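Here is what each chain is made of, one letter per residue.
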Amino acid sequence: MPSDYADVSFWLATAPAYQSNAPLQGTVEVDVAIIGGGFTGLSTAYHLLKAEPGLKVAVLEREIVGFGASGRNGSFAMTLMGLGIDMIALLKGKRAALEGHRYMERAVDRLSELVDEHRLDCDYIRPGFLRMATVPAHVHKIQKQIELCHKLGITGIEWLDREAAQAHVCSERYLGAWWEPRLALINPVKLVREMKRVTQELGASIYEHSPVVEITRGAHLLLRTPGGEVQARKLVFAANAYSHLFPMLRRKQIPAWTYMIATEPLSPQQLEAIGWQNRQGVEDARNLIHYYRLTPDNRLLMGGGPVGLSYGEEMERDANPNAWRHLEEHIAWLFPVLKDVHITHRWGGPFSVTLDLTPALGYLGDPRVVYAVGCIGHGVSMSQLNGQTLCDLLLERQTDLTDCFIVNRRIIPWPPEPLRLGLSLALRSYLQAEDWWCERGQNVR
Ligand SMILES: Cc1cc2nc3c(=O)[nH]c(=O)nc-3n(C[C@H](O)[C@H](O)[C@H](O)COP(=O)(O)OP(=O)(O)OC[C@H]3O[C@@H](n4cnc5c(N)ncnc54)[C@H](O)[C@@H]3O)c2cc1C
C-alpha cells in the first residue's frame with residue numbers, strides 16, 4: 001500500500017518511497033503480539049527472535065512503522081535519562097542515578113552494535129554530545145551535574161570552558177559545555193525501516209495500517225483490528241505516547257508534544273561562520289531544552305522550547321506555530337548569521353511522560369503482558385535496550401537489565417481529567433518558571 005506521510009516530519013518527507021505492509025486480515029495465532037511499530041516494538045520483536053528463533057511474533061502498527069516519535073525525533077542517541085542525572089539522584093537516589101546512567105550507556109552502545117551487526121543503512125555517525133551553557137546559571141548547573149557524575153564514578157564526561165566550547169561550535173552565546181563523546185546521530189526513519197527489514201528477516205510478521213481497537217484478556221489474549229484479530233500468548237504495549245488510550249495504561253503516562261524545524265541546506269559561507277567542527281549533537285541546559293544538529297546535506301535541525309499538552313484522549317497537537325516561531329528566533333539568537341535562513345520543514349510529535357518524568361517498564365497485571373512508557377525525549381537509544389529488557393521479562397528471565405530500578409517500579413498514577421490537565425500545566429509552568437529565573441536579564445530568545 002503506497003503512502004508517504006510526508007507531512008508528518010522532515011524525516012518522512014525526505015525518506016525514499018516506501019511500500020508499507022498490508023493490514024491484518026482474518027485471524028492469526030502467535031506467541032507474542034506487539035502493539036506499536038516504533039523503535040520499542042521492533043526492538044522487542046528483534047530481541048525475542050534472536051533469543052528464541054522459533055517464536056511467532058506479530059507487530060501491529062496503526063499507520064506505518066515510524067509514524068510515532070520514532071519517525072519524527074531529533075535523532076540523538078544519548079545517555080540522558082529523564083530530566084538528567086541530578087534529577088534522578090534527587091528523586092530516586094544516587095544508586096539509581098548511577099544504574100540509570102549505566103543503562104543508558106549500554107543503550108547507546110547497543111544501537112551501535114546493531115548498526116554494525118546488520119549494516120543498518122541509517123546515516124549513523126558518532127560525533128559526541130555538547131550540552132552548552134548559554135547563561136551563567138547554566139554554567140553552574142552543568143558543572144554541578146558533571147561533579148555528581150564524577151563522584152558516582154562515571155567517566156567520559158568533561159567540562160569545557162568558554163573558549164573550548166566555542167572551538168567546537170562557534171556561537172558567542174556559549175559560555176562552556178558538557179562534553180561527552182558517547183552520542184550518536186541517525187536518520188530515524190531510515191533506522192526504523194531498517195529495523196523492520198531485519199526483524200522481518202528474522203521471521204516477524206509486521207502489519208501496518210492495523211490499529212488495535214480492542215483487547216480481551218482471557219486464557220488467550222485477543223487483539224482486534226478493523227480487519228482481523230490476533231490470538232496471542234503474550235502481549236507487549238509499545239505504543240509510547242499513545243499508551244493512555246488503552247484502559248490498562250490510562251494512568252501511567254500522558255502525551256506531551258515537542259516541535260522541530262529544519263532549515264534549507266546551509267551555504268559553505270554560513271557553515272564556516274557557525275564553525276560546527278564535527279557535527280556534534282548540541283543541546284542547552286534548560287528544562288524545556290533546545291536540541292539541534294546538522295543533517296548530512298547541511299541543514300540545521302532544531303527542536304524544543306515550548307511543549308504542547310492535551311486534554312483526555314486528544315492527540316491532535318502536532319502543529320504549533322508559536323513553538324516554530326520561537327525556534328526560528330532561537331536560531332537567530334544563537335547564530336545571527338542565520339537570521340534570514342529559509343525554514344523548509346516544520347513538525348511536531350508526542351512523547352511519553354510519567355508523573356515523575358522517569359521511564360518505566362514492566363509487567364502489567366500478570367507476566368503475560370509487558371509495557372514501556374516515559375522515555376520523554378530520550379528514547380532513541382533507550383528504546384533499543386528496552387527491547388531487550390522487555391524480551392527478558394517476557395521470557396521470564398531475571399537479568400541485570402530487569403534488575404534496573406526503572407523495571408517493575410511503582411508508578412505514581414496521573415489523576416483523571418480535569419485534574420490531569422491541571423497537574424500537567426502546573427508541572428510545565430514550574431519547569432518554565434525555573435528556565436525564566438535562570439535566564440532573567442539575559443535577553444534569551
Ligand atoms: C519531535 C521529537 C523529537 C525527539 N527527539 C529525540 C531525540 O533527539 N533523542 C531521543 O532519545 N529521543 C527523542 N524523542 C523521543 C523518541 O523519539 C521516543 O522516545 C522514541 O522514538 C519512542 O519509540 P517508541 O517505539 O516507544 O514509540 P513510537 O515511535 O511513538 O511508537 C509507538 C507506535 O505505536 C503506534 N500505535 C499507537 N496506538 C496504536 C494502536 N492502537 N494500534 C497499533 N499501533 C498503535 C503508533 O502509531 C506509533 O507508531 C523525540 C520525540 C519527538 C516527538
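Each chain has its residues counted from 1, following the order in which its sequence is written. Given that the model is predicted, a residue must reach a pLDDT of at least 70 before its local features are reported, and side-chain atom pairs must reach 80 or more before they are shown or counted; all residues, however, enter totals for whole chains, interfaces and linings.

A.B. asks: Talk me through the site of the ligand; I want residue IDs and the actual numbers.
C.D. replies: We call a residue near a molecule or strand when the C-beta position, derived from backbone atoms, sits within 6 Å of it. Taken together, 43 residues lie near the ligand, and Gly38, Gly68, Gly74, Gly349 and Gly379 sit nearest. Only DSSP runs of H or I reaching four residues or more are called helices, and only runs of E reaching two or more are called strands; each is numbered from the N terminus. Contributions of two or more residues to the shell around the ligand are made by α2 (39-51), β12 (254-263), β17 (343-353) and α10 (379-394). Classifying every residue of the shell around the ligand by side-chain character gives 19 nonpolar, 20 polar and 4 charged. Each domain span listed reflects an automatic or database assignment of domains. Of the domains in this structure, domain 1 (22-125 + 183-249 + 355-413) and domain 2 (129-181 + 254-353 + 415-445) are the two that each give at least three residues to the shell around the ligand. Only Asp, Glu, Lys and Arg are considered charged, only Ala, Val, Leu, Ile, Met, Phe, Trp, Tyr, Cys and Pro nonpolar, and every remaining residue, Gly among them, polar.

A.B. asks: If you had to explain the domain arrangement of the protein to someone new, which residues and values would you point to?
C.D. replies: When cut into domains, the protein gives domain 1 (22-125 + 183-249 + 355-413) and domain 2 (129-181 + 254-353 + 415-445). Centre-to-centre separation of domain 1 and domain 2, based on C-alpha positions: 26 Å. Among the elements of the structure, α3 (85-92) and α4 (94-118) are those that each provide at least two residues to the side of domain 1 that touches domain 2. The leading source of residues in the side of domain 1 that touches domain 2 is α4, at 4 residues. Class assignment of the residues belonging to the side of domain 1 that touches domain 2 gives a composition of 18 nonpolar, 10 polar and 4 charged.

A.B. asks: Break down α3 for me, with residues and values.
C.D. replies: By the burial criterion, the buried members of α3 are Ile85, Ile88 and Ala89. Take α3 and look down its axis: the buried residues cluster within an arc of 100°, on one side only. Once C-beta atoms are placed from the backbone, any two residues with those atoms within 7 Å are in contact. Among the structural elements, α4 and α5 (136-151) are those in contact with the buried residues of α3. The first or second residue beyond α3 is Gly93, which carries a positive phi of 100°. Buried, partly exposed and exposed are defined by the number of other C-beta atoms within 10 Å of a residue's own C-beta, namely 20 or more, between the two limits, and 12 or fewer respectively, with C-beta atoms placed from the backbone. Note: the arc covers the axis-to-C-beta directions of the helix.

A.B. asks: Quick one: what's the story with the nonpolar core, residue by residue and with numbers?
C.D. replies: Any set of buried Ala, Val, Leu, Ile, Met, Phe, Trp, Tyr and Cys residues joined through C-beta atoms within 7 Å is what this text calls a nonpolar core. Of all hydrophobic cores here, the largest spans 131 residues; its most connected members are Val32, Ala33, Ile34, Val57 and Leu60. A per-element tally of this core places α4 first, with 8 residues. Both domains that furnish three or more residues to this core are identified here as domain 1 (22-125 + 183-249 + 355-413) and domain 2 (129-181 + 254-353 + 415-445). What Val57 contacts, discounting residues up to four positions off in sequence, is Val30, Asp31, Val32, Ile34, Ala45, Leu48, Leu49 and Ala204.

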